[in-house]
Amino acid sequence: MRRQPDEAAEYISAAWELAAKAADSADLIERQRQLPDALAIELADRGFFRLLVPKSLDGAELDHPAFVQIVRIFAEADASTAWCINQNNIFATDSVRMTRATAHRIWDDPRAVVTNGPPVAGSVAVKSEGGYRLSGRWNFSSGSNIATWLAARAPVEDAGGRPVGSEQPVFLVPREQVTFLDLWHVNGLRGTASFSFEMNNVFVPEDMCYLESASPLEHGPLYAIPKIPLFAIGFATIAVALARTSLDDAIALAGEKTPRDSNALKDLATTHRAIGEAEAALRSADAYLRQAADELWRGACRNGKVSMEERIQVRLATTHAIRTSAAVVRTAYDLYGSDAIFTVNPVQRRFQD
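The following refers to the structure shown. In this convention, every chain numbers its residues from 1, walking through the sequence in written order. Only residues with pLDDT of 70 or above have their local features reported here, since the model is predicted, and side-chain atom pairs are shown and tallied only from 80 upward, although totals for entire chains, interfaces and linings are computed over all residues. Hydrogen atoms and water are omitted, and side-chain values are computed over all heavy atoms in the structure.

**Re the overall build of the protein**
Each helix is a run of DSSP H or I of at least 4 residues and each strand a run of E of at least 2, with the numbering of both proceeding from the N terminus. From N to C terminus, the protein includes ten helices and nine strands. The buried label goes to any residue with under 20% of its type's maximum accessible area, the exposed label to any with over 50%, and the partly exposed label to all in between, with areas taken from a 1.4 Å probe on protein chains only. Across the 353 residues in the protein, those meeting the buried criterion constitute 52%. Across the protein, every contact between residues at least 6 apart in sequence was considered, and the portion connecting residues at least 24 apart equals 72%. When the accessible surface of the protein is totalled, it reaches about 16,100 Å², and 52% of it is carbon and sulfur. If the 37 positive side-chain charges of the protein are averaged to one point and the 44 negative ones to another, these points end up 3 Å apart. Any two residues whose heavy atoms approach within 4.5 Å are treated as being in contact. Shrake-Rupley sampling with a 1.4 Å probe provides the accessible areas, and residues are treated as covered by the protein chains on show and by no other component. Charged residues are defined narrowly, with Lys and Arg counted positive, Asp and Glu counted negative, and His plus the chain ends left uncounted. One atom stands in for each charge, and that atom is NZ of Lys, CZ of Arg, CG of Asp or CD of Glu.

Below, the structure written as structure tokens:
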């Protein structure tokens with residue numbers, strides 16, 4: 001069932017308020033390399049990690065266009081916060097692919113957040129009585145500091161080391177049963193807390209795993225779209241928002257700065273050309289992204305599934321948007337000149353992100 005427009009509007013309005021708090025906390029988020037507890041708790045308590053959880057689990061079940069608008073609002077304030085909003089909400093769409101009892105066990109907690117990450121080589125689930133014994137390491141688990149559950153995909157073997165099945169199930173493990181590894185020492189998106197986690201011979205009951213290919217138990221258009229294009233649209237939206245704010249800052253700077261032994265930036269033909277080319281490229285990439293995302297959503301609403309052509313267009317549009325956004329941020333960075341290297345300038349963080 002789709003949310004009514006006024007209900008989505010309430011979340012969008014709240015997003016502006018919470019994004020302002022994220023912007024105020026941007027330096028702290030960067031320094032601590034994770035969302036501050038107070039911000040994370042408020043986001044959870046106000047339903048911002050349940051935006052795509054079905055109404056049957058007391059989630060918001062927002063239409064995808066409204067969700068993307070919320071991601072864009074947060075991205076203009078702080079990219080790490082937006083990344084966690086996107087990552088943790090989209091993964092939550094898998095709540096309709098596990099048993100209802102399992103989904104309730106996780107999302108009956110109003111502050112539930114599930115994080116996931118790809119396994120490293122050697123990670124394995126060994127079939128045993130009543131479940132599996134899971135061992136290995138998983139990386140890039142965004143939102144690790146706020147996660148209540150970890151989702152770990154792994155190949156299955158029998159006790160003799162022989163492969164079982166062709167698809168890797170996803171295993172759900174409470175955070176108390178994993179060991180977190182702080183390997184997230186990076187320059188960009190530092191605040192996502194994309195730590196690693198590992199387990200050694202942890203028992204996972206049979207009912208706490210599922211296949212990502214399982215048919216969804218909910219039939220709304222949101223759950224007809226695979227996670228990969230959903231992730232791609234969100235991450236491309238974050239990239240575009242970063243480029244938009246970076247270019248806007250550079251335009252404002254050009255109206256004020258006069259480099260040594262030169263005319264004011266606003267009076268230089270090279271400045272006009274750089275900004276004009278970046279503006280046209282960004283608007284074009286953003287328009288293509290919005291069009292592809294809209295066509296994907298309309299296809300899901302109309303047909304209860306998405307076509308291969310719609311998925312191809314999303315892949316093209318998102319890849320183009322990310323690469324174009326990176327080029328636009330570089331243009332903004334160059335316009336700052338030597339000032340760009342100082343962390344006091346927002347373009348430095350956006351360039352790294």
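**Topic: the environment of Phe 180**
Among the secondary structure elements, Phe 180 is positioned in strand β7 (residues 179–181). Assessed through its relative accessible area of 26%, Phe 180 is described here as partly exposed. Taking the C-alpha atoms as reference points, Phe 180 and Ser 196, 16 residues apart in sequence, are found 5.8 Å from one another. The contact partners of Phe 180, leaving out residues within four places of it in the chain, are Ser 144, Leu 150, Arg 175, Ser 196 and Phe 197.

**Considering helix α4 (residues 64–77)**
Expected helix span is computed as 1.5 Å times (number of residues minus one). Here α4 is 14 residues long and its end C-alpha atoms lie 20 Å apart, about the 20 Å a rise of 1.5 Å per residue gives. Three or more residues of α4 are buried, namely His 64, Ala 66, Phe 67, Val 68, Ile 70, Val 71, Arg 72, Ile 73, Phe 74 and Ala 75.

**Focus on the pattern of salt bridges**
Throughout this description, the term salt bridge denotes a Lys or Arg side-chain nitrogen within 4 Å of a carboxyl oxygen of Asp or Glu. Under the definition given, this model contains 22 salt bridges. In this structure, Arg 33 engages Asp 182 in a salt bridge whose closest nitrogen and oxygen atoms are separated by 2.7 Å. Here Arg 33, found in the loop between α2 (26–32) and α3 (37–45), pairs with Asp 182, found in the loop between β7 and β8 (195–205); they are 149 residues apart in sequence, far enough to count as distant. Residues Arg 244 and Asp 248 are paired through a salt bridge, measuring 2.8 Å at the closest nitrogen-oxygen approach. With Arg 244 and Asp 248 both in helix α7 (residues 227–254), this residue pair falls four residues apart, about one helical turn. Among the charged side chains, a network of salt bridges with common partners joins Glu 17, Lys 21, Glu 42 and Arg 46.

**Concerning the sheet that holds strand β5 (residues 156–157)**
Each strand in a sheet pairs with another by means of backbone hydrogen bonds, the pair being arranged parallel or else antiparallel. Strands qualify as paired when DSSP identifies two bridges or more between them. The sheet built from five strands is open, its strands ordered β5-β2-β3-β8-β7 with mixed pairing. In this open sheet, the two strands that pair with only one neighbour each are β5 and β7.

**As for empty space enclosed by the protein**
Definitions used throughout: a 1 Å grid over protein atoms alone; a cavity as a set of points that fits a 1.4 Å probe which cannot get out; a pocket as an open set with protein on both sides within 12 Å along at least five of seven lines; a lining residue as one with an atom within 4 Å of a point. Grid points are joined across faces, edges and corners, and a volume is the space filled by probe spheres set on the points. If you walk through the whole model with that rule in mind, you get two cavities of 30 Å³ or more. Of the pockets and cavities examined, the second largest cavity occupies roughly 30 Å³. For the second largest cavity, the full set of lining residues is Phe 49, Asn 88, Ala 92, Trp 107, Ala 112, Val 113 and Val 114.

**Details of the packing of aromatic side chains**
Only rings of Phe, Tyr and Trp enter the pairing, Trp through its six-membered ring, and a pair is recorded when the two centres are within 6.5 Å. The plane angle decides the type: under 30 degrees is stacked, over 60 is edge-to-face, the rest tilted. Across all of its chains, the model carries seven aromatic pairs by this definition. Between Tyr 132 and Phe 171, the ring centres sit 5.0 Å apart and the planes meet at 70°, which makes this aromatic pair edge-to-face. In this pair, Tyr 132 sits in strand β3 (residues 131–141) while Phe 171 sits in strand β6 (residues 170–174), placing the two residues 39 residues apart along the sequence. Each member of the pair Tyr 132 and Phe 171 is classed as buried. Here the aromatic residues Tyr 11, Phe 48 and Phe 74 are joined through ring pairs into a cluster of three or more. Directly above the aromatic system of Tyr 132 lies the positively charged group of Lys 127, at a separation of 4.9 Å from the ring centroid. Each ring is checked for a lysine NZ or an arginine CZ that lies within 6 Å of its centre and within 35 degrees of its normal; such an atom marks a charge sitting over the ring.

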